[in-house]
Amino acid sequence: MDLLNNVLAGFAVALEPNNLFFCFIGTLAGTLVGVLPGLGPLSAIAILLPATFYIPAVPALIMLAGIYYGAMYGGSTTSILVNIPGEAASVVTCLDGYQMARQGKAGAALGIAAIGSFVAGTMGVVLLMLMAPPLARIALKFGPPEYFALFLMALIIVAAMGSGDAVAALMMMTLGVTIGTIGTDQITGNPRFALNIRELLDGVGIAPVAIGLFGISEVFLNVERIVRSDLLAAPLRGLWPSLQEFRVSFLPILRGSVLGFFIGILPGGNPIISSFLSYGLEKRLSKHPERFGHGAIEGVAGPESANNATTQGAFVPLLSLGIPNNAVMALMLGAFVIHGVLPGPNLITEKPQLFWGVLCSMYIGNAMCLALNLPLVGLWVQVLRVPYRLLFPTILLFCLLGVYSLNMSTFEMLLVVVFGVVGYLLRKLEYEMAPLILGVVIGPMLEVALRQSLLLSRGRLSIFVTRPIAACFLAVAAFFLIRAMVSWVRATKPSAEESAGSTG
Amino acid sequence: MSVTVRIRCLCIALGIVLLSGVPGVVRAGEFPERPITAVIAFAPGGAPDLLFRPMAELAKKHLGVPVVIVNKPGGGGLTGTAEVARAKPDGYTVLMNFGGGEIVVSPHLEKVPFDPMKDFEPIIMIGHYPSALLVREDSPWKTLEEFIRAAKKSPGELRYSHTGALGLNNLTTLTFMKLAGITLTPIPTAGGGQAMNMLLGGHVEAAQIAFPVAWPQVHAKQLRCLAYALPKRSEVYGDAPTFAEQGFDMRFTIAQGIAAPKGTPKEVVKKIHDAFAAAYHDKSITEVMTTIRFTPHYLNSEDFTKYIREMYDYYGSVIAKLGITATK
């Protein structure tokens, strides 16, 4: 069988000592970079790119790929321990992961995050291997109407994902969408809400918002509450998820992996979106949705798998069509180019050794990440024992430096502090931060997709129902919306429950 | 924890943060003595990164100090460009992607935070790449002629994706539409990759993007180039035809070179120039340029300054003649 031959040849390449070495360097660097808030795989790959000049193509690509998916492993660490997303894609992990940590279950959270990431990564590589070219073609079929429908569906599924008041969550989402409009309008080029400040012309970056709203505000809130002790509200309970926790996480991990992978193959597909969607989905599918937000392990397992699967999926368009989906993939393209290879539809036939070698190295890399992260759980958990008065200045410092490292912008450092204060105030008033971030991320994309769709159809709204993929997503969105409305009606009219029950 | 301890902790944290912003002590001596900051005004992963990161690595050998690439994206290239314009003219801050649309096109259409002609000292030009009009390989129009005929038959029906209403690519199409007397519907996207994906996915009929972005697909026979905007054919772009040879006198290219803030001393400019000229002639850079389909075109400081001036005036006249304004 041809595929088997290719895979064996690929492993032969991936297991060469040189390639193994660079795989390890990549995954180690990725994990470290993922742990640090703000600093991400993009910066790490950009910095290491010229160094790849001096090493041959295959180990260079193996290393860079390792940095990318490795970062998704490390991102959950600070999310769980101190409520600061190490990567923007780990924002959702803060919601339940941090609660688990305060209940003494940090070990279980970190463990399931690593395991879920491994399963997702491995599944992603298998899918990549089997279906890359046809998947890439499907991904191209996603145009503005499909994106609009997908984002609308995501917003509706996730809308009331908070554990509190649905209306408050919607308010936060609206605020997020408004914040997302700050910047230059993509379609007309007009500045919006930029207040004549040049740095705002490109909008408010997701990193300052996420780190400010979650991390900095958390520090302010904690400094009020915790007088002499540390972060733990309950004694530490073991370092490994229990059998029960494994059982509960099994399906979320699978669902997260599949969902994440498909979001990853889409141009512009983003681990933030897939982790939010996974969280929303798990909450909707759960028999006890009220547990979410208070330490439900599914809320860690699903999203962490989803964001890893998305990074694997992001390789599909690059390796099968030569089209980079996002900035990291574009840098990978650069690494190819430095070695005289221009990826395109012919890469798999023109350079099979490169293609299969890099693919097989991803299995090995994911295993390395698991091996790197699991033993470290015991070490990371000790961070929670550090007296808070020593911990919090370090946290603040890392947040500020991390944000600065992204664009060398002192303005963004100011933004982080501003959002920290805003987050502190909103959280004191018991508002949820997650819908706000979702609004900031999805709002602008939804708007652009809507307007591009209408430009394409020359103003006809029918474009959303005549295109099959878009129509499907809208149908799913409508289903969830109706279901939510029905249950709201039932909840607010208990005396009319019988009649509501018969129509439901 | 007492209030004083808390305040002390916060002060320490703030202090560390502020200290990291203090500039290094400057000593008088030979240039260069410390690393040079090379700004790319776009997000990582774009065409400038592909070319300038390897070049910076090579230039390091000749200058003796690292050339550190820093991406400062924003405003379609305006933010990073403006920062270099305002930087100290001591040679330690340079702009890597000088010469593109934000220098020669945007200033005619909107207010930009710098003076493209007065705020910079061009050092060296590395090359350029043209804008190209593409359709899918399986579309019914094999030549520009056929495309124009189809467009005339149904004005506004054919849609093309581009990379920004005020950018060089869209300017190319607007000029083409005026010269050919046709109307196409523009669909704005955030960049070359997105515009190309729209075309590949069948959402639009044509795309106007930088040729290097489309090259892998043209090479793999997924996309067809109807025309590109160079005055004469270049073997870098294979058998694709130019606008000029089909009757449209159009020249729209994005030049890429290095510039320093105005007032940088001549000896410093010369040192940077020599280092990058050596890198330019290195075989590995030639390979990179060929791979990404960049047209190598070396110009020294004076010629580059003249070239930019010419291009600036040329695009200004095109915009004025066509009556294109920012509100369009």
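Here the structure is a predicted model, which is why all the values come from computation and not from measurement. (Residues numbered from 1 in each chain as written. Chains lettered and ligands numbered in written order. Predicted model: local features only at pLDDT ≥ 70, side-chain atom pairs only at ≥ 80, totals over all residues.)

1. Quick look at the interface of chain A and chain B
One frequent convention defines the size of an interface as the accessible area lost when the parts assemble. The condition that has to hold: In this description, a residue-residue contact is defined by the distance between C-beta atoms placed from the backbone, which must lie within 7 Å. Each helix corresponds to a stretch of at least 4 residues labelled H or I by DSSP, and each strand to a stretch of at least 2 residues labelled E; elements are numbered beginning at the N terminus.
On the side of chain B, 48 residues touch chain A, which itself brings 47 residues to the contact. Listed by contribution, the elements that provide at least two residues to the side of chain A that touches chain B are α3 (41-48), α14 (327-338), α17 (388-407) and α19 (434-456) of chain A.

2. Points about the packing of helix α2 (residues 17-35) of chain A against helix α4 (residues 57-82) of chain A
Residue and element names in this part refer to chain A. Formally: For helices, the fitted axis covers only the stretch in contact; all axes are lines through C-alpha atoms, and the angles between them, taken along N-to-C directions, range from 0 to 180 degrees. By definition in this entry, angles of less than 35 degrees are roughly parallel, angles greater than 145 are roughly antiparallel, angles of 65 to 115 are roughly perpendicular, and the rest are oblique. We call a crossing left-handed when the near helix sits turned anticlockwise from the far one by less than a right angle, and right-handed when that turn is clockwise. When residue character is reported, Ala, Val, Leu, Ile, Met, Phe, Trp, Tyr, Cys and Pro are called nonpolar, Asp, Glu, Lys and Arg charged, and the others, Gly included, polar.
Where α2 meets α4, the closest approach of the two axes is 5 Å, and the angle between their N-to-C directions is 30°. By the angle class used here, α2 and α4 are roughly parallel. Every pair of crossing elements has a handedness; the one defined by α2 and α4 is right-handed. Residue composition of the contact of α2 with α4, grouped by class: 19 nonpolar, 13 polar and no charged.

3. Regarding the environment of Asp313 of chain B
All names here are of chain B. Keep this limit in mind: For the exposure call, what matters is how many other C-beta atoms sit within 10 Å of a residue's own: 20 or more marks it buried, 12 or fewer exposed, and in between partly exposed, using C-beta atoms placed from the backbone.
Looking at the element boundaries, Asp313 is found in helix α12 (residues 301-322). The partly exposed category is assigned to Asp313, around which 13 C-beta atoms lie within 10 Å. Sequence separation between Asp313 and His108 is 205 residues; the distance between their C-alpha atoms is 9.5 Å.

4. Structural notes on the packing of helix α9 (residues 206-225) of chain A against α19 of chain A
Residue and element names in this part refer to chain A. It is at 11 Å that the axes of α9 and α19 come closest, and there the two elements cross at 180°. Taken together, the axes of α9 and α19 lie roughly antiparallel to each other. Here Ile206, Val209, Ala210 and Leu213 of α9 come into contact with α19, specifically with Leu436, Ile437, Val440 and Val441. Residues of the contact of α9 with α19, tallied by class, amount to eight nonpolar, no polar and no charged.

5. Considering the pairing of strand β7 (residues 206-210) of chain B
Residue and element names in this part refer to chain B. This is how the line gets drawn: Any two strands with at least two DSSP-identified bridges between them are counted as paired.
Here β7 lies mainly inside the structure; five of its five residues are buried. Note: strand β4 (residues 120-136) against β7, five bridges, orientation antiparallel. Directly across from Ser131, in β7, lies its bridge partner Ala210.

6. Details of the domain arrangement of chain B
Residue and element names in this part refer to chain B. Selection criterion: Domain delimitation in this document rests on an assignment produced automatically or drawn from a domain database.
Partitioning chain B into structural domains gives domain 1 (33-127 + 255-322) and domain 2 (130-246). The C-alpha centroid of domain 2 is placed 27 Å from the C-alpha centroid of domain 1. Opposite the 13 residues of domain 1 that make contact, domain 2 presents 15 residues. Taken together, the elements giving at least two residues each to the side of domain 1 that touches domain 2 come down to α5 (106-109) and α12. Class assignment for the residues of the side of domain 1 that touches domain 2 results in seven nonpolar, four polar and two charged.

7. Overview of the environment of Leu201 of chain A
Residues and elements named next belong to chain A. Here Leu201 shows up in the loop between β2 (191-192) and α9. The class of Leu201 is partly exposed, set by 19 C-beta atoms lying within 10 Å. Along the sequence, Leu201 and Asn190 sit eleven residues apart, while their C-alpha atoms lie 9.4 Å from each other.

8. Looking at helix α7 (residues 168-180) of chain B
Selection rule: One less than the number of residues in a helix, times 1.5 Å, gives the span that helix is expected to have.
The first and last C-alpha atoms of α7 of chain B sit 18 Å apart over 13 residues, in line with the 18 Å expected at 1.5 Å per residue. Immediately downstream of α7 of chain B, the backbone of Gly181 of chain B shows phi near 70°, a positive value.

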